[in-house]
Amino acid sequence: MGFAWGPGDILVYETQNKASGPTGSGCAFIHVVRKDEDIYSPILRKLFNESHHIFVGLQTIKDDLPSKSKKPQFVSISRNYRSVIRACMEELQQAAVSANDTDMATQYGNQVSILLAIELIWNLCEVLFIDAAPAGSLLLHLLDWVRLHKSDVDEKAKGVLQSDSPAEHRDYWDVVLSYVLQGRLEDTRKMLMKQAMLQPAAKSMYKLMDSLLSKMPFYNPGGTQTLTEFDVKWRNWHEEVDRYLKDNSFASNQHLEVICKILLGDEDVLLEHKELLSTWYYFLITRLLYCHPTVKPTELHYYAQSSMMMFLDSGVPEPLDSILLAAFEFDIHQVIKDCSIALNNWWFVAHLTDLLDHCKLLQSHNLHFGSNLREFLLLEYASGLFTHHSLWQCAVDYFDHCPEFGRVYLELQIERVPLDTERKALKVLRICEERQMSEQVRSICKIMAMRAVRNNRLGSALSWSIRAKDAAFATLISERFLQDYCAKGTFSDLDLIDNLGSTMLLSDRLTFLGKYREFHKLYGEKCFSDAAKLLLSLMTAKIAPQSFWMTLLTDALPLLEQKEVIFSAEQTYELMYCLEELTSSLITAASGSGRPMQEEDVEVTKVEMLRLALARNLASAIVKEGTMQT
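Before going into details, it helps to say that this report is about the structure given with it. Just so you know, these numbers come straight off a predicted model, no measurement behind them.

Quick look at the packing of helix H14 (residues 300-312) against helix H15 (residues 319-328) now. Where H14 contacts H15, the axes come no closer than 8 Å and their chain directions differ by 155 degrees. Taken together, H14 and H15 sit at an angle that is classed as roughly antiparallel. Residues Leu300, His301, Ala304, Gln305, Met308 and Leu312 of H14 lie in contact with H15, whose contacting residues are Asp321, Leu325 and Phe328.

Below, the structure is given as C-alpha cells:
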C-alpha cells in the first residue's frame, strides 16, 4: 500500500496486485480517506463559520492598549467562543434525539461528547489563564465551572420536587448531598425544610443544620472585606461546625451527620460519594471549598495532583484527565499538545492558542522550523478548511493573520480550489486581486479563458484574458474573433468589443479588433470620411495583419463607389500601394506553393475590381481637388 497526504484527505492506493487471470494483469484501487469528517457536518459547519467571525474580531484588538483594558475584551471573546460551542452542542443533541438512523444518532452523540469536553477545557483555561482570578475569587470561578458542567443534579431535583412527597422520594438525599457538594447551600436549606416538616421530633436538629449552612461565609470580591478577614471568619465557622460534630449534635441522623462531615471537608466521606461527584476535578473543587477556600493559583497544582490520585486510586487517567491536570498545573503548552493529540481536528487548539497568544501567554514558545505555535496551528486548521467547498473562504482570513507563512500557504492552497463555476472563479479572483497575488490572478484567468474557448464562448474568453493581462492569449482570441467575422460576416459579443476602451492596447491584434469594430460603427452611422481615415490608418500603421488586408480593401470598395469622393488622391495612392504590396505577397505565396495564380481565382477577381475602383476614385479625386484649387 502507498499513501499521499492532502490538506484534509489521505489518498491510499495499492502498489502491488495479485495476478488476475492468465495474463497476470491486476487492477489497482485508489481510496480517498477523509481524516477530518467534522467540516462535512452541517451543524458543525455553523461552529466554524461563527467562530471565524469571532476570530476576525479578535485580530482587530490593538496591541498597544494597556493589558488591564484588554482583559475584559479577551474574557468576553472567550465567552463568545464558548456560547458558539454550546449552541452547536444543543443542536447536535436535538439532532441525535430526532435521528431515525442509529448510526447517525451515535455519530451526533459522539460529537456532543467531544464538544462537552472542549467546552469544559476551554472554560477552565478561561478561568485560570485569561481571567486569571486571584485567591478568593479563584474558587468562586471554579465553583461556577463545576456547576455549569455538572447540571444533572437539576434534572434529578426537578423529578424529586414534582413528586407527591419530595422528602420521601428515593433520590431526595442524593439531591441534597449533590447541592452540598456543589456549594449550593441555599438550595440545600430549601430541600432540608421539606424533610424537617415530616420529622417534627428532629426539628431542632434541622434548625441547627440550617443555621450552620446559612452562616457559611463566601468571599465577595466586590465587597469591603479583605481576604485575611474572610479567612478568619471562615475558620471560626469551620471550628463551630467541628464542635457540633464532636459533641454528637447530629449523631441521631445519619444524613445530617454526613452533611456535617462534608462541610468539614472530610476526604474519606467525600470519596464515599464518588458516584455523586463522578469526576476527580469535581472532588477537587468540593475539597477546596470546604478545606482551602483561599487557595492561590500557584497552589492549585498540588491539590489537583493529590485529588486525582485519591479519586482514581489505581485507575489510569483518561486523556481528558491529563489535559485538565496540565491546566491546573498552569502548563499551557502541555494542554495544547495533549488536545492536539486527543481531539479529531485543529479547531479547538487553533482558536484557543490564538486567544492565549493575544493575552501574551505564549510569547516564549517558538517552533524549531521558524513559525510560532499560534501560526503553526492556524495554518494547519485553515489548510483543512480549504478542502471544503464553501469553508475555504473562511480559511483565507486565517492565512491573512499568519504574518510569517500565511501568504505562502494561501498562494499554494488557492490554486487547488476547484473553479466549478464562473461565480466561484470571480470570488477566488477577487481574493487574489485584493492581495496582489499576480501569479495566481494570471493562472485563474488563463484557466477560465481556456475553458471558455473550449466551450466556444469567445467573449468570456477575451474578458478573462484581458483580466489576466495575457497579451499572447488575447491575440489568439482576437484572431478567433476575426476568423469568425470572415466566416459569418458579423461580430459576436458586440457589447464587449464596443467597450474595450484602453484595454485594447494589451496586444496589437486586440487593438486592431477594437479599431476595426469602430470602423464598422462609423460606417453604420454614415460617417464615411472618418471611417475611411480609420480604415487607411489600420493598414498604413501596420496595425492590421497583412492576412486581413484583403478584407479591409474589400470593405473600402463601398466607400470608393460612393457618388461623393471619400478618399483623397493621396489616400487613394496609399490604398493602391497597399494593394500592390498585398498582390506581390500573394504571388510570392502562390509560387512558393508551386501553384501559380489563375485568372479565375477569387483573389485575382477581387484585385482587378479593387484596381478599377481605385483608378476611378483617383480620377474623381484629382478632378475634385483640381476644381477646388481653381
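Let us look at helix H19 (residues 392-400). Inspection of H19 places Trp392, Cys394, Ala395, Val396, Tyr398 and Phe399 among the buried residues, and these make up the whole buried set. Looking at the buried side of H19, the elements it contacts are helix H1 (42-59), helix H17 (347-358), helix H18 (373-385), helix H20 (406-414) and helix H21 (422-434).

Looking now at the side chain of Arg82. Its location among the elements puts Arg82 in helix H2 (residues 67-98). Here Glu119 takes part through its side chain, which lies 2.9 Å from a polar atom of the side chain of Arg82.

Turning our attention to the packing of helix H5 (residues 152-161) against helix H6 (residues 172-181). For the pair H5 and H6, the least separation of the axes is 9 Å and the interaxial angle reads 140 degrees. Relative to H6, the element H5 is oriented oblique. Between H5 and H6 lies a crossing of left-handed hand. Of H6, the residues touching H5 (which contributes Val153, Asp154, Lys156, Ala157 and Val160) are Tyr172, Asp174, Val175, Ser178 and Tyr179. Among the residues making up the contact of H5 with H6, the classes are represented as six nonpolar, one polar and three charged.

For the structure on display, the rule yields 23 aromatic pairs. Measuring from centroid to centroid gives 5.7 Å for Trp280 and Tyr281, while their planes differ by 85 degrees, and the two rings are edge-to-face. Ring plane angle 85 degrees and centroid distance 5.2 Å describe the contact between Tyr381 and Tyr398, whose orientation is recorded as edge-to-face. With Tyr381 in helix H18 and Tyr398 in helix H19, this residue pair connects regions lying 17 residues apart in the sequence. Residue Tyr381 shares its accessibility class with Tyr398, and that shared class is buried. Residue placement shows Lys274 over the ring face of Phe311; its charged tip is 5.2 Å from the ring centre.

Each value, and the rule that gives it
Residues numbered from 1 in each chain as written. Predicted model: local features only at pLDDT ≥ 70, side-chain atom pairs only at ≥ 80, totals over all residues. Heavy atoms only, no water. Axes fitted to C-alpha atoms, helices over the stretch in contact; angles between N-to-C directions. Helix = DSSP H or I, 4+ residues; strand = E, 2+ residues; numbered from the N terminus. Parallel < 35°, antiparallel > 145°, perpendicular 65-115°, else oblique. Contact = heavy atoms within 4.5 Å. Buried < 20%, exposed > 50% of the residue type's maximum accessible area, 1.4 Å probe, protein only. Polar contact = N/O pair within 3.5 Å; in protein donor to acceptor, adjacent residues only side chain to side chain. Left-handed = near helix turned anticlockwise from the far one by under 90°. Nonpolar A, V, L, I, M, F, W, Y, C, P; charged D, E, K, R; others polar. Phe/Tyr/Trp six-rings, centres within 6.5 Å; stacked < 30°, edge-to-face > 60°. Lys NZ or Arg CZ within 6 Å of the ring centre and 35° of its normal.

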